[in-house]
Amino acid sequence: LHNAVAGCGTSVTPQHIQTLFAMANRVTFAFDADKAGKLAARRVIDTLLPLVTDEHMADFAFVPNGHDPDSYVRVHGAEAMRSRIAQSKPLSSVIEAWFTPGPTTTLETRAQLSIQAAILLGKMQAAPNLRSLLSQRVSELLGLTIKPKMEKGVKASPPTESEQRSAAPDTPRFSGTA
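Residues numbered from 1 in each chain as written. Predicted model: local features only at pLDDT ≥ 70, side-chain atom pairs only at ≥ 80, totals over all residues. Heavy atoms only, no water.

A.B. asks: Tell me about the pairing of strand β1 (residues 26-32), and please be specific about residues and values.
C.D. replies: As paired elements, β1 and strand β2 (residues 57-63) share 7 bridges and run parallel to each other. Within β2, the position partnered with Val27 by the bridge is Ala58. Since β1 and β2 lie parallel, the crossover through helix α2 (residues 35-48) that links them has a hand, and here it is right-handed. (Pairing = 2+ DSSP bridges. Helix = DSSP H or I, 4+ residues; strand = E, 2+ residues; numbered from the N terminus. Right-handed = clockwise from strand over helix to strand, strands pointing away.)

A.B. asks: Can you lay out the pairing of β2 for me, pointing to particular residues and giving the numbers?
C.D. replies: Within β2, 7 of the 7 residues are buried, which leaves the element mostly enclosed by the surrounding structure. By the alternation rule, side chains of β2 split into Met57, Asp59, Ala61 and Val63 and Ala58, Phe60 and Phe62, which are all buried. Here β2 runs beside strand β3 (residues 89-90); their pairing, made up of 2 bridges, is antiparallel. Residue pairing across strands places Phe60 opposite Lys89, the latter belonging to β3. (Buried < 20%, exposed > 50% of the residue type's maximum accessible area, 1.4 Å probe, protein only.)

A.B. asks: Tell me about helix α6 (residues 107-122), and name the residues and values.
C.D. replies: Here α6 is 16 residues long and its end C-alpha atoms lie 22 Å apart, about the 22 Å a rise of 1.5 Å per residue gives. Along α6, the residues that are buried comprise Thr109, Leu113, Ser114, Gln116, Ala117, Ala118, Leu120, Leu121 and Gly122. (Expected span 1.5 Å × (residues − 1).)

A.B. asks: Outline the layout of surface pockets, supporting the account with residue identities and numerical values.
C.D. replies: If you add up the space inside the largest pocket, you get close to 1,200 Å³. Lining the largest pocket are 35 residues; nearest its centre among them are Ala4, Val5, Ala6, Thr28 and Ala30. Secondary structure elements with two or more residues in the lining of the largest pocket: α1 (14-23), β1, α2, α3 (69-76) and α4 (78-86). Across the lining of the largest pocket, the residue classes break down as 20 nonpolar, 10 polar and 5 charged. (1 Å grid on protein atoms, 1.4 Å probe; cavity = no way out; pocket = protein on both sides within 12 Å on 5 of 7 lines; lining within 4 Å. Points joined across faces, edges and corners; volume = space filled by probe spheres on them. Nonpolar A, V, L, I, M, F, W, Y, C, P; charged D, E, K, R; others polar.)

A.B. asks: Kindly report on the sheet that holds β3, identifying the contributing residues and their values.
C.D. replies: Here 3 strands make up an open sheet; going across it, the order is β1-β2-β3 and the pairing mixed. A strand with exactly one partner marks an edge of an open sheet, and here the two such strands are β1 and β3. This element, α2, spans β1 and β2 of the sheet and lies at about 155 degrees to β1. (Contact = heavy atoms within 4.5 Å. Axes fitted to C-alpha atoms, helices over the stretch in contact; angles between N-to-C directions.)

A.B. asks: Help me get a handle on the nonpolar core, residues and values and all.
C.D. replies: Counting 36 residues, the largest nonpolar core has Phe29, Phe31, Phe60, Leu91, Ile95, Phe99 and Met124 as the members making the most contacts within it. Listing elements by their share of this core, those giving two or more residues are α1, β1, α2, β2, α5 (91-98), α6 and α7 (128-142). For Ile95, the contacting residues outside a window of four places in its chain are Leu49, Leu121 and Leu134. (Core = buried A, V, L, I, M, F, W, Y, C linked by side-chain atoms within 4.5 Å.)

A.B. asks: Report on the packing of aromatic side chains, specifying residues and quantitative values.
C.D. replies: Given two aromatic rings, one states the distance between the centres and the angle between the planes to describe the pair. All told, the structure shown has 4 aromatic pairs when counted by the stated rule. Between Phe29 and Phe31, the aromatic rings sit 6.5 Å apart at their centres with planes inclined by 20 degrees, giving stacked as the arrangement. Exposure class is identical for Phe29 and Phe31. Each is buried. Put simply, the rings of Phe29, Phe31, Phe60 and Phe62 touch in pairs and so form one group of aromatic residues. (Phe/Tyr/Trp six-rings, centres within 6.5 Å; stacked < 30°, edge-to-face > 60°.)

Purely geometric stuff here, so don't read any function into it on its own.
Right, here's the structure in full:
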């Protein structure tokens, strides 16, 4: 595999992402499919959102449980990893999944998710077109108009796994499969 960088997902900084975007318009982050890998992906997304632009995008791939990206390549080979990367999910799909309500989602939960979505999407200041399209899509999903909050200093994180489960307990979220 060429053009690969190994890093710890919990330590990815804005400078790392800026360096990657200086080298490529599209970056694929690969994570373990376990709980720690999902948490690392959330942290990377939180760091990534202010840096993503309409020209610089990110995708997310997950290797099966029991592997990290390195062990997956060592056991299954580079071609299998290329296949995982080819099936990666774009940032927009990950965000859509977080805010897709399930059949038992209450109105109160939808209201809470709409607030989280507005804050989260507000972080995408450098990607006005993607932010607008995602706002429209999340508005459709929740049945509410989402207006991104563009406040400075507001810390917005993706919904936690328990918040995702309460939105749609029977819908797998960020499942870890590409």
